[in-house]
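Each chain, written out:
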Amino acid sequence: MAEKKAKATIEDARIAKISDLWKRKPRGLHFNDTDALIITAKAGSKKITETFYFCLKPDGTFNVDTVSHDGSHARRMRLANFLKHYKITDNVKGYNLAEGVKKLKGKSIDVVLLEDGGYIYVP
């Protein structure tokens with residue numbers, strides 16, 4: 001399986017309610033996964049779309065910690081690591097993601113390209 005790391009530019013970033021994306025929540029998402037950050041990046045001629053799941057609070061922030069330490073916690077930690085790694089914010093707990101999503105467009109990120117797609121690199 002051939003995979004390589006490449007630079008990409010975020011073309012689109014938006015927040016959507018999970019209920020607007022699917023009639024029923026996909027298997028694996030829990031009650032506290034209510035929103036999705038959908039990022040589309042372009043590396044050369046390839047487009048990569050990645051979705052981060054979380055629960056958006058009324059003030060625009062999100063909780064990194066969850067009640068249980070399961071897949072939901074891992075998904076939020078991945079989003080937090082994405083925000084820190086690409087220097088979008090240092091303080092994830094106080095970061096207003098609802099406002100910050102507007103500033104993601106045009107940001108340079110790393111992606112891992114696979115034969116049939118790819119994903120955003122998050123250490």
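Residues numbered from 1 in each chain as written. Predicted model: local features only at pLDDT ≥ 70, side-chain atom pairs only at ≥ 80, totals over all residues. Heavy atoms only, no water.

Asks: I keep staring at the packing of aromatic side chains and nothing clicks. Help me out?
Replies: The geometry of two aromatic rings is summed up by the distance between their centres and the angle between their planes. A complete count under the given rule lists 4 aromatic pairs for this structure. Taking the centre distance of 6.3 Å and the plane angle of 40 degrees together, the rings of Trp-22 and Tyr-53 count as tilted. One end of the pair, Trp-22, is in the loop between helix H1 (18-21) and strand E2 (35-43); the other, Tyr-53, is in strand E3 (residues 46-54), and 31 residues separate them in sequence. Judged by its relative accessible area of 32%, Trp-22 is partly exposed. Accessibility expressed as a relative area gives 16% for Tyr-53, which makes it buried. By way of ring pairs, the aromatic residues Phe-52, Phe-82 and Tyr-86 are connected into one cluster. The lysine or arginine in question, Lys-5, covers the ring of Tyr-121, its NZ or CZ lying 3.8 Å from the ring centre. (Phe/Tyr/Trp six-rings, centres within 6.5 Å; stacked < 30°, edge-to-face > 60°. Helix = DSSP H or I, 4+ residues; strand = E, 2+ residues; numbered from the N terminus. Buried < 20%, exposed > 50% of the residue type's maximum accessible area, 1.4 Å probe, protein only. Lys NZ or Arg CZ within 6 Å of the ring centre and 35° of its normal.)

Asks: Sorry, what's going on with the sheet that holds strand E5 (residues 117-120) here?
Replies: What holds strands together in a sheet is hydrogen bonding between their backbones, with the strands either parallel or antiparallel. Read from one edge of the open sheet, 5 strands run E3-E2-E1-E4-E5, paired in antiparallel fashion. This sheet does not close on itself; its edge strands, each paired only once, are E3 and E5. For this sheet, the mean inter-axis angle between neighbouring strands, taken without regard to orientation, is 40 degrees. As paired strands, E2 and E3 are joined by 9 bridges and run antiparallel to one another. (Pairing = 2+ DSSP bridges. Axes fitted to C-alpha atoms, helices over the stretch in contact; angles between N-to-C directions.)

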